[in-house]
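# Overview (structure and organization)
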Amino acid sequence: DQQVKQNSPSLSVQEGRISILNCDYTNSMFDYFLWYKKYPAEGPTFLISISSIKDKNEDGRFTVFLNKSAKHLSLHIVPSQPGDSAVYFCAATNAGGTSYGKLTFGQGTILTVHP
Amino acid sequence: KAGVTQTPRYLIKTRGQQVTLSCSPISGHRSVSWYQQTPGQGLQFLFEYFSETQRNKGNFPGRFSGRQFSNSRSEMNVSTLELGDSALYLCASSLQLNTEAFFGQGTRLTVV
């Protein structure tokens, strides 16, 4: 039972363009969502998060959008840079409950940004 | 500020053996979580410790165990290793009420 899904295994984008990574979840108890970036042989690096009381959060080139009714979130990277090429993981947790330390991850999307 | 440190980085063990992995969290972080990453299953939650107490546990067999010390350092142990235990084991730490988990570089365990 995959509670967090990233349906696109890979995404290829031209440098300077927008990258949009998508994530769907099924567990309505999730109330906090995070995006991580991962390079091979390294641990995930935290990028940006959003609480379920918001529908948008921005940090520099990264913006996360949350649509609670659709149980869908997306990460926008504008403009995309070759250094953004990595695996991106969406994660969710129930921060309002007792399990906020437990992150449920999607399967990841490989982003490739071409110069 | 030093990040999360995991040791060793690489490990090769034989089936049936046991292994202990170590994690030192970011200074001041009191919560430590462990995850297993495999190509087939992705990143899966193992367990979480806070103030030396296990708070959450994932769906892994009892061969997987862990503990946290008073200085917040954590260890995880896997007994009776199986080939399927080969994976990247990641440790993450977070502040008491902060859900942003910061990950270490992981320990790559290979069981032969």
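To start, this report covers the structure provided alongside it. (Residues numbered from 1 in each chain as written. Chains lettered and ligands numbered in written order. Predicted model: local features only at pLDDT ≥ 70, side-chain atom pairs only at ≥ 80, totals over all residues. Heavy atoms only, no water.)

## Overview of the sheet that holds strand E1 (residues 5–7) of chain B
Pairing between the strands of a sheet is mediated by backbone hydrogen bonds and can be parallel or antiparallel. Residue and element names in this part refer to chain B. To be explicit about the condition: Should DSSP find at least two bridges between two strands, the strands are taken to pair. Under the DSSP-based scheme used, a helix requires at least four consecutive residues in state H or I and a strand at least two consecutive residues in state E, with every element numbered from the N terminus. An axis is simply a line fitted to the C-alpha atoms; with a helix, the fit covers only the stretch in contact. Between two such axes, the angle follows the N-to-C directions and lies from 0 to 180 degrees.
Taking strand neighbours across the sheet as the criterion, the 4 strands line up as E1-E3-E8-E7 in an open arrangement whose pairing is antiparallel. With partners counted over all chains shown, the strands left at the sheet margins are E1 and strand E7 (64–68), one partner each. Averaged over all pairs of adjacent strands, the angle between strand axes in this sheet comes to 20°, irrespective of strand direction. Where E1 and strand E3 (residues 19–24) come together, 3 bridges link them in antiparallel fashion. Along E3, the bridge assignment pairs Thr5 with Ser24.

## What about the packing of aromatic side chains?
We count it as follows: Pairs were defined over the aromatic rings of Phe, Tyr and Trp, the Trp ring being its six-membered one, requiring ring centres within 6.5 Å. Orientation was assigned from the angle between planes: stacked under 30 degrees, edge-to-face over 60, tilted for the rest. For each residue, the accessible area found with a 1.4 Å probe, counting protein chains only, is set against the maximum for its type, and the residue is called buried under 20%, exposed over 50%, and partly exposed in between.
Enumeration according to the criterion identifies 13 aromatic pairs over all chains in this entry. Ring geometry for Phe46(A) versus Phe102(B): centroids 6.2 Å apart, planes at 65°, classification edge-to-face. Of this pair, Phe46(A) sits in strand E5 (residues 45–51) while Phe102(B) sits in strand E10 (residues 102–103), which puts the two residues in different chains. Residue Phe46(A) is classed as partly exposed on the basis of its relative accessible area of 23%. Between the aromatic rings of Phe60(B) and Phe64(B), the centroid separation amounts to 5.2 Å while the plane-to-plane angle is 65°, which identifies the pairing as edge-to-face.

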